[in-house]
Amino acid sequence: MLDIKLIRNQTDYVKTRLADRGTSYDADIDAVLQRDDARRALIFDNEQLKARQNEASRQIPAMKKAGQSVDALMAQMAELSAKIKEDDAKLAVLDAEITDLLARIPNLPDASVPVGANSDDNVEVRRWGQPRSFSFEPKPHWDIGRDLGILDPESAAKVTGARFHFYRGLGARLERAVINFYLDTHTSRGYTEVFPPFMVNKDSMFGTGQLPKFAEDMFKLEGLDYYLIPTAEVPVTNYHRESIVDGSALPFKYCAYSACFRAEAGSAGRDTRGLIRQHQFNKVELVKFAHPDDSFQQLESLTADAEYVLQQLGLPHRTVVLCTGDMGFGSAKTYDIEVWLPSYNRYAEISSCSNMTDFQARRANIRFKNTPKDKAQFVHTLNGSGVAVGRTVAAILENYQNEDGSVTVPEALRPYMGCDVIR
């Protein structure tokens with residue numbers, strides 16, 4: 001969430017930057033400030049009352065020793081105590097209201113983010129590889145998977161429902177090969193692998209910004225305070241929740257495989273076939289905890305790490321910086337990496353890499369100190385898909401398909417697959 005001191009001291013700047021996202025948050029900002037003014041006034045009054053209470057407490061022993069009556073002073077003490085208790089209750093209500101309002105206000109876009117309304121205004125920053133030119137009519141990955149007998153959405157629909165898949169035979173091995181290839185590559189480049197829980201509690205969802213705003217996109221376990229994770233970003237970022245970490249050791253770099261679960265609320269009719277938009281999918285996530293002075297450079301290197309694995313697989317892709325109107329709720333700057341899909345005849349998102357600055361760290365209370373005597377500061381958190389596995393499989397099937405219906409296995413995956421071609 002945003003720093004309330006920033007909102008108070010630079011109100012017009014905050015309102016202007018938030019408006020660049022395409023929605024006015026002026027009413028929310030004004031509501032925060034109104035309650036903050038009331039809160040600060042109440043704190044001041046409360047401190048005065050407590051000072052009077054302390055003074056009275058000091059007077060009573062002396063008065064008793066001098067044989068003076070303390071009845072009036074004791075009555076005054078009772079009134080002060082009741083008023084302090086009443087004010088404390090009002091403060092608790094104001095604190096909760098301020099927290100709730102701040103939790104619904106997005107992060108400020110960084111000054112380097114292009115201003116725009118939607119994905120049409122995103123800016124391409126680079127491309128890698130050339131889309132393949134086919135001498136035959138290429139098939140979409142769902143047809144390739146069906147014809148090879150390696151993808152079976154029909155059985156998954158019977159067992160579970162729409163937007164689920166069974167992988168079979170070499171399809172299952174390909175998915176597993178991609179996961180292991182990504183993990184091995186990232187750990188060889190300085191990331192520490194963690195294997196997180198696939199369920200988290202409400203505080204963890206709040207810490208990374210999924211709650212309260214995106215509750216409808218989450219799968220909640222009935223009768224329990226657990227949610228299925230939408231991405232490993234949630235458990236891995238919360239790994240350091242309520243902690244003060246060693247600032248001299250920053251950045252911390254983690255990679256994690258997890259299954260991911262998303263209700264995909266509001267996406268009816270979009271990418272209904274194939275592996276692009278599933279309720280359950282696999283992903284390898286990259287998470288960093290960085291010093292505030294270094295976080296945007298860490299974003300560049302994190303994005304490069306996500307691009308690197310696609311390059312090793314020989315998959316053409318491009319990288320775009322998202323405009324203010326298309327970026328995520330908690331992000332200050334985001335790069336999307338889009339892989340070429342012949343069936344779409346365009347690039348499709350396969351990774352999103354973001355610098356959240358201190359937005360998540362404030363919600364999750366993740367701070368650092370360089371030395372024990374230093375004042376604790378909030379870290380900057382970053383995350384990115386390193387990358388989505390199902391979409392990688394889709395891209396491999398489509399870009400490496402052959403006229404006879406087989407699929408050539410990318411060279412980087414052959415040690416994991418044990419074969420050169422999927423027939």
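Everything discussed here concerns the structure shown above.
Parameters at a glance
- Residues numbered from 1 in each chain as written.
- Predicted model: local features only at pLDDT ≥ 70, side-chain atom pairs only at ≥ 80, totals over all residues.
- Heavy atoms only, no water.
- Patch = residues over 30% accessible without salt bridge, like charges linked within 9 Å, V, L, I, M, F, W, Y side chains within 5 Å.
- Areas by Shrake-Rupley, 256 points an atom, 1.4 Å probe, with all protein chains shown as cover.
- Salt bridge = Lys/Arg side-chain N within 4 Å of Asp/Glu carboxyl O.
- Lys, Arg positive; Asp, Glu negative; His and termini not counted.
- Charge placed at Lys NZ, Arg CZ, Asp CG, Glu CD.
- Helix = DSSP H or I, 4+ residues; strand = E, 2+ residues; numbered from the N terminus.
- Buried < 20%, exposed > 50% of the residue type's maximum accessible area, 1.4 Å probe, protein only.
- Pairing = 2+ DSSP bridges.
- 1 Å grid on protein atoms, 1.4 Å probe; cavity = no way out; pocket = protein on both sides within 12 Å on 5 of 7 lines; lining within 4 Å.
- Points joined across faces, edges and corners; volume = space filled by probe spheres on them.
- Nonpolar A, V, L, I, M, F, W, Y, C, P; charged D, E, K, R; others polar.
- Core = buried A, V, L, I, M, F, W, Y, C linked by side-chain atoms within 4.5 Å.
- Contact = heavy atoms within 4.5 Å.

Draft legend 1. Region of the structure containing a negative patch on the surface. Negative charge collects at one region of the surface, where Asp 120, Asp 121, Asp 326 and Glu 349 lie side by side. Counting through the fold element by element, Asp 121 comes out in the loop between helix 4 (71-103) and strand 1 (123-128). On the accessibility criterion, Asp 121 (34% relative accessible area) is partly exposed.

Draft legend 2. Molecular detail of the pairing of strand 11 (residues 317-321). The buried fraction of strand 11 is high, at 4 of 5 residues. Relative to strand 11, strand 1 runs antiparallel, the two being bridged by 5 bridges. Within strand 11, the residue paired with Trp 128 across the bridge is His 317. Here strand 11 runs beside strand 12 (residues 333-341); their pairing, made up of 5 bridges, is antiparallel.

Draft legend 3. Structural detail: the side chain of Asn 107. Mapping Asn 107 onto the fold places it in the loop between helix 4 and strand 1. For Asn 107, a relative accessible area of 4% gives the class buried.

Draft legend 4. Structural view of the layout of surface pockets. Computed from the structure, the second largest pocket encloses a volume of approximately 480 Å³. What lines the second largest pocket is a set of 19 residues, among which Asp 3, Ile 4, Lys 5, Arg 362 and Phe 378 lie closest to the centre. Of all the elements, helix 4 adds the most residues to the lining of the second largest pocket, at 4 residues. Among the residues making up the lining of the second largest pocket, the classes are represented as 8 nonpolar, 3 polar and 8 charged.

Draft legend 5. Spotlight on the nonpolar core. The biggest cluster of nonpolar side chains holds 53 residues, and the ones touching the most others in it are Leu 174, Tyr 182 and Leu 413. In terms of residues, this core owes the most to one element, helix 7 (residues 170-187), which gives 7 residues. Leaving out residues up to four positions away in the same chain, Tyr 182 has contacts with Val 284, Val 309, Leu 310, Leu 313, Gly 386, Val 387, Val 389 and Thr 392. Judged by nonpolar contacts, the second largest core, of 18 residues, contains Met 1, Leu 2, Ala 31 and Leu 33.

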